[in-house]
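Residue strings, one per chain:
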Amino acid sequence: MKRYNPKDVEPKWQKIWEESQLYRANDVSKKPKYYALSFFPYPSGVGLHIGHTRNFTITDVIARYKRLQGYEVLHPMGWDSFGLPAENFAIKTGTPPQVTTKQNTDNFRAQSKRLGLSIDWSREFGSTDADYYKWTQWFFLLLHKRDLAYRKESLQFWCNVCKTVLANEQVVNGCCWRHEDIPVTKKNLPQWFFKITNYADRLAQDLDSLDWPEGIKAMQRNWIGKSTGAEVDFQIVDSNEKLRVFTTRPDTLYGATYMVVAPEHPLLKEITTSEQRTSVDSYVADAITKTDIDRMDDSREKTGVFTGAYAVNPVNKEHIPIWVADYVLAGYGTGAIMAVPAHDERDHEFAVQYSLPIVRVVEPTAGEATGDDTHKESVFVALRNPANNTVLVLDWGPRQERFGGKMLIGGGVEGDESHQTTAEREIVEETGYKNLTFVKETDYKGHGYFYSNTKHKNMHVSGKGLLFDLIDEEQAATNLDEGEKNKFTIAWEPIEKVANLLDDGVHEAMYRDLVLGECYHDEGLMVNSGEYSGMSSSDVREKIVVELNARGNGEEKINFRIRDWLISRQRYWGAPIPIIHCEKCGTVPVPEEQLPVVLPELEDFQPKDDGRSPLAHIDEWVNVDCPECSGPATRETDTMDGFACSSWYFLRFTDPHNDSVAFGRELAETWMPVDMYVGGAEHAVMHLLYARMWTKVMHDVGLISFDEPFKALRNQGMLLAEDGEKISKSKGNDIRPEEIIDNGYGADALRLIVLFLAPYSQSTPWSNEGLGGVYRFLQRAWTITNEYIDASEPTSDTQSSELLVTRSKAVKKVTEDLEDMSFNTAIAAMMEYVNELYKLKLNIAFSDTAWKSAIEALVLMLAPFAPHMTEELWQQLGNKTSVHTADWPSWDDQLLATDTVIVVVQVNGKVRAEIEIDKNMPKDDALKLALQNEKVASFIADHPVKKSIYVPGRIINFVI
């Protein structure tokens, strides 16, 4: 029997695949299409690393699986080769980036081929190819023509290492996203921007239709920051100027007790009084050095300075002070806010810091008033045990309409009782605890509206919230009210969890105020609001905007947090911006027939300290004739951010050799949108947002019929070093794919281990032991296949039902796991299948006709994961065509009908998944299988399992 040797098998088939162009996509195929794509990779000087291996293998397994299912698959690869990393590497080595980029891409391509990736290499290109960035420049001109690209002088983040400006999205924790330990500064320069804000609403709304991770969608929604509210004008006292603010809660205008402007606000200098000038100027000088990210950090102490000016609150005409503070951003809203400290955490913190007034204007409510409600004064009581940081919660059983569920202690005021006396009585009657200390009560009331089944009335219960501390845990049963004993159960819950346990909005609001010190942000009953007092806040919000609009003091407004996309870079290695500056004609687009504006090769490509690109110093390139007047003019010397080139590359892959257009519409419609897009989560508010915007622009101008580029998105987790540390060459713990391949394990074992270690979306440490384990599995699969091939027994008429059932179970499990992208459990299922085959061969001769389909199913299932070995085995089995063009195996449900059951898997009693298992599977095996389920694993995460419960054939429950 021939031994399994990856060093013989893998180069052989890589050569055959390349010569036969096995993976070349057919644009006119009659098969259904599938477009599988990894994020546009940047070819670094250090080459392909183990993280790339995981990313690319995920996409490749999907592509291979879809081919076996009968799809025509497009699986291309290209290079995101412009940008700072390539340029910085060139500067470090003194070699032109044109040279280093070619070297790097050649290396990446060779490494990718050694991994056995099923790439259509006929479509390969790099963003640095002139016949590619020609069309990036064409898209720039398209945006410019549609007034979506513009130039203005702007104070922007500047990285002193990269020597260029950065987009807001590229500043992380106050530092350049490529230099995590170097704070950015700001520099005022003429910049080019794309109006991504014009697409903000669609970018937010259309997320709902995408099969993307919820975390990525949430990050984009938060970055876009859509909010509906009103813009309101506050007249500045003794001035003709007004401060316009944006607020999502105009109903809280009566609670606005001061105003805050951003340090960059254009009216700040004008409104600042002479007495406050020095303090304000000093504060502003310090504030503008901070990044927006730092300024939005709610964990830091709020700071500010009084300007000396006052504004008139338009609803109550009160004069309120105007402050400057860096927690207000110039780029969001109007750069000024009305501060409502009773209902906003940041405003409240600032007001407490500087002893500013706090006026509550909304009281919490639950339920709706009917107009004939019977009023009852009541209390809402939080009883805290300082000894163990817990709070008492009453559980009234299942919630029905307006009653039931988990609540604080509560009850009605009797006679002339004070709220405190009522609270003390209710605590004793409902819980028996009597040794208490009164801490505080609210200066406002909460309101509950509900129908009482006992009184047969619509009730309005209102009252104050009170906080008591338990002195000791002495509890006398005789203190309990006999009528209360069986109505509820008592539980002491951790302080940090109680708010989310409470089922009544008023109880929750009182708790957050009394115990957690949080403001009330929700809807409620208006108080201290003039003519609007007693109305619901939602009604007032509409009425007050109408009134302000009628008086000319405000209007309804939708606002977004997202800012326009800064596209300029003052560096050399990027696509030149196709604009010419003429003193007579102004900003002139380069004529389309003159594209591409080719990036010249430079000897001196060092970044400059003057804030200009190295291109600005090349007179023969810069100085040109104006396309409109033929007079002297100069080229734009900023280059485009690399994200411009990666905002449409997925479309070019559909038609990569077209010289007349960026892509043909027919081919784009054939392949797009991308069916599965795989890459890291770090580009959630950069590449993924930019690519969506460009796609919508193309849709709007009629280039394509779709307006979203990626149907499904998946993010792979990070591969860590064996000690759990991040892999880094500087730490000496980097893992090179070629080292593993050359050490004898081969690419197939490497592909298996990067997917077997953990669910693909989770970060996980590398394991040399695991690598050895998957290599042994491949050897066992190879051996049993060759044992079947070498068997001399003639084929018999027997067909083992046990073998057929085992095969069907395995095929069904692996298929379902691949559909769910549960690669690790699919591999585990194949390992178990091989184990079962070894057991069965002891009693079932290879002459049994069921062995043929059992062995072929093994090879086919393994083919997406271990393409080289399975290709070799497929040929040894006598097949003349590639295993990767065969048909995916099927299974027979009738064979499985009596052997498997669906088991519900719970975590802490809540259903998290369903798994199919053998109905006679032992408990330990069932528990192990359930823990391997990706959904179950995500809910357990790092929590220890305290108890495992298994009701055979029905339920598994993990208690954590």
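Structure's up top.
Residues numbered from 1 in each chain as written. Predicted model: local features only at pLDDT ≥ 70, side-chain atom pairs only at ≥ 80, totals over all residues. Heavy atoms only, no water.

### Topic: the overall build of the protein chain
Looking only at helices and strands, one finds 29 helices and 40 strands in the protein chain. Considered along the principal axes of its C-alpha atoms, the protein chain spans approximately 100 × 90 × 50 Å. In the protein chain, buried positions account for 55% of the 960 residues. Intrachain contacts of the protein chain at a sequence separation of at least 6 include 74% that bridge at least 24 residues. Here the protein chain displays about 41200 Å² of accessible surface, and carbon together with sulfur accounts for 47% of that area. (Helix = DSSP H or I, 4+ residues; strand = E, 2+ residues; numbered from the N terminus. Buried < 20%, exposed > 50% of the residue type's maximum accessible area, 1.4 Å probe, protein only. Contact = heavy atoms within 4.5 Å. Areas by Shrake-Rupley, 256 points an atom, 1.4 Å probe, with all protein chains shown as cover.)

### Section: the pattern of salt bridges
Applying the stated rule across the entire model yields 59 salt bridges. Residues Glu872 and Lys2 are paired through a salt bridge, measuring 3.6 Å at the closest nitrogen-oxygen approach. Linking Glu872 in helix H26 (residues 867–876) with Lys2 in the segment before helix H1 (6–20), this pair joins segments that are 870 residues apart in sequence. In this structure Glu872 comes out as buried when scored by relative accessible area, which is 5%. (Salt bridge = Lys/Arg side-chain N within 4 Å of Asp/Glu carboxyl O.)

### Thoughts on the sheet that holds strand E37 (residues 900–907)
Pairing is mixed across the open sheet formed by four strands, whose spatial order is E38-E37-E40-E39. Each end of this open sheet is capped by a strand with a single partner; those strands are strand E38 (910–918) and strand E39 (947–951). Taking the axes of each pair of neighbouring strands and ignoring which way they run, one obtains an average angle of 20 degrees across the sheet. Inspection of the sheet shows E39 paired to strand E40 (residues 955–959) by five bridges, in the antiparallel sense. Looking at the pairing, Ser948 lines up with Phe958 of E40. (Pairing = 2+ DSSP bridges. Axes fitted to C-alpha atoms, helices over the stretch in contact; angles between N-to-C directions.)

### Some points on helix H21 (residues 737–756)
Under the 1.5 Å per step criterion, the end-to-end length of H21 is only 16 Å for 20 residues, more than 12% shorter than the ideal 28 Å. Along its length, H21 shows its largest kink, about 125 degrees, at Gly744. (Expected span 1.5 Å × (residues − 1). Bend = angle between axes of the 7 residues up to and from the residue.)

### With respect to the pairing of strand E17 (residues 390–395)
With respect to burial, E17 is a largely interior element, five of its six residues being buried. Bridge count between strand E16 (residues 374–385) and E17: two bridges; the pairing is antiparallel. Bridge pairing in E17 links Asn385 to Thr390. Counting the residues in the hairpin turn of E16 and E17 gives four residues, including Asn389, whose phi is positive at 55 degrees. The pairing of E17 with strand E23 (residues 489–494) spans six bridges and is classified as antiparallel. Its bridge partner lying in E23, Leu392 is registered against Trp492.

### Comments concerning the nonpolar core
Counting 95 residues, the largest nonpolar core has Phe140, Phe650, Met693 and Trp694 as the members making the most contacts within it. When residues of this core are assigned to their parent elements, the largest contribution, nine residues, is made by helix H5 (residues 130–145). Once residues within four sequence positions are removed from consideration, Phe140 is found in contact with Ala149, Trp192, Phe194, Ile567, Ile577, Pro578, Ile579 and Met640. Trp13, Met77, Ala747 and Tyr833 belong to the second largest nonpolar core, which has 87 residues in total. (Core = buried A, V, L, I, M, F, W, Y, C linked by side-chain atoms within 4.5 Å.)

### Details of the packing of aromatic side chains
All told, the structure shown has 48 aromatic pairs when counted by the stated rule. On the numbers, 5.3 Å between centres and 35 degrees between planes, the contact of Tyr4 with Trp782 is tilted. Here Tyr4 is found in the segment before H1, whereas its partner Trp782 is found in helix H22 (residues 768–790), with 778 residues between them in sequence. Each ring, one from Tyr65 and one from Trp888, has its centre 5.0 Å from the other, and the planes form 85 degrees; the classification is edge-to-face. (Phe/Tyr/Trp six-rings, centres within 6.5 Å; stacked < 30°, edge-to-face > 60°.)

### A closer look at the sheet that holds strand E34 (residues 713–715)
In spatial order, the strands read E2-E1-E33-E34; together these four strands make up an open sheet with parallel pairing. Two strands bound the open sheet, and with one partner strand each, they are strand E2 (72–74) and E34. Each strand of the sheet is rotated relative to its neighbour by a mean of 20 degrees, with strand direction disregarded. Where strand E1 (residues 33–38) meets E2, three bridges bridge the pair, whose relative direction is parallel. By the bridge assignment, Tyr34 is partnered in E2 with Val73.

### Details of unusual backbone geometry
Here the bond from Leu595 into Pro596 is cis, since omega is 0 degrees, no more than 30 degrees from zero. Note on placement: Pro596 falls in the loop between strand E29 (586–589) and helix H16 (619–622). Residues Met672 and Pro673 are joined by a peptide bond in cis, for which omega reads -5 degrees. Among the secondary structure elements, Pro673 is positioned in the loop between helix H19 (665–671) and strand E33 (676–679). Positive phi, normally seen in glycine, also occurs at Asn908, with a value near 55 degrees. Among the structural elements, Asn908 can be located in the loop between E37 and E38. Asn908 gets classed as partly exposed once you look at its relative accessible area, which sits at 42%.

### Here's the deal with the packing of helix H23 (residues 801–819) against helix H25 (residues 850–862)
Between H23 and H25, the least distance of the axes is 9 Å, while the angle of their chain directions is 15 degrees. Between H23 and H25, the angle falls in the class roughly parallel. You can see that H23 and H25 cross each other, and the crossing is left-handed. On H25, the residues that touch Leu803, Leu804, Arg807, Ala810, Val811 and Val814 of H23 are Ala850, Trp851, Ser853, Ala854, Ala857 and Met861. Residue composition of the contact of H23 with H25, grouped by class: 10 nonpolar, one polar and one charged. (Parallel < 35°, antiparallel > 145°, perpendicular 65-115°, else oblique. Left-handed = near helix turned anticlockwise from the far one by under 90°. Nonpolar A, V, L, I, M, F, W, Y, C, P; charged D, E, K, R; others polar.)

### Details of helix H2 (residues 50–68)
Over its 19 residues, H2 runs 27 Å from end to end, which matches the ideal 27 Å to within 8%, given 1.5 Å per residue. For H2, the tally of buried residues reaches 18 of 19 residues, placing the bulk of the element in the interior. Looking one or two residues beyond H2, the residue adopting positive phi is Gly70, at roughly 105 degrees.

### Observations concerning a negative patch on the surface
A cluster of like negative charges, contributed by Asp294, Asp297, Asp298 and Glu345, occupies part of the molecular surface. Looking at the element boundaries, Asp298 is found in the loop between helix H10 (292–295) and strand E12 (304–312). (Patch = residues over 30% accessible without salt bridge, like charges linked within 9 Å, V, L, I, M, F, W, Y side chains within 5 Å. Lys, Arg positive; Asp, Glu negative; His and termini not counted. Charge placed at Lys NZ, Arg CZ, Asp CG, Glu CD.)

### What to know about the pairing of strand E9 (residues 227–236)
Buried residues dominate E9, accounting for eight of its 10 residues. As paired elements, E9 and strand E25 (residues 554–559) share six bridges and run antiparallel to each other. Bridge assignment links Val232 to a residue of E25, and that residue is Gly554. Where E9 meets strand E10 (residues 242–247), six bridges bridge the pair, whose relative direction is antiparallel. What sits directly across from Gln235, in E10, is Lys242. Once E9 ends, the chain turns through five residues before running back antiparallel as E10, passing Asp238 with a positive phi of about 60 degrees. Across two bridges, the pairing between E9 and E12 is antiparallel. The residue bridging Gln235 from the neighbouring strand is Val312, located in E12.

### Thoughts on the environment of Asp120
When you line up the elements, Asp120 lands in the loop between helix H4 (97–114) and H5. Measuring from C-alpha to C-alpha, the distance between Asp120 and Ala857 comes to 26 Å, with 737 residues separating the pair along the chain. Apart from the residues within four sequence positions on either side, Asp120 is in contact with Tyr23, Arg24, Ala25, Leu74, His75 and Pro76. Here Ala25 takes part through its backbone nitrogen, which lies 3.0 Å from a polar atom of the side chain of Asp120. (Polar contact = N/O pair within 3.5 Å; in protein donor to acceptor, adjacent residues only side chain to side chain.)

### Focus: the side chain of Asp504
Here Asp504 shows up in the loop between helix H13 (495–501) and helix H14 (505–514). At a separation of 2.9 Å, a polar atom in the side chain of Asp504 contacts the main-chain amide nitrogen of Val506.

### Focus: the side chain of Asn786
Note on placement: Asn786 falls in helix H22. With sequence-adjacent residues up to four places away left out, Asn786 is seen in contact with Met1, Lys2, Leu873 and Gln876.

### Side note on the state of the cysteines
Scanning the model with the defined rule gives zero disulfides in all. Lacking any disulfide linkage, Cys582 is separated from the closest cysteine sulfur, that of Cys629, by 3.7 Å. By relative accessible area, Cys582 is classed as buried at 7%. (Disulfide = S-S within 2.5 Å.)

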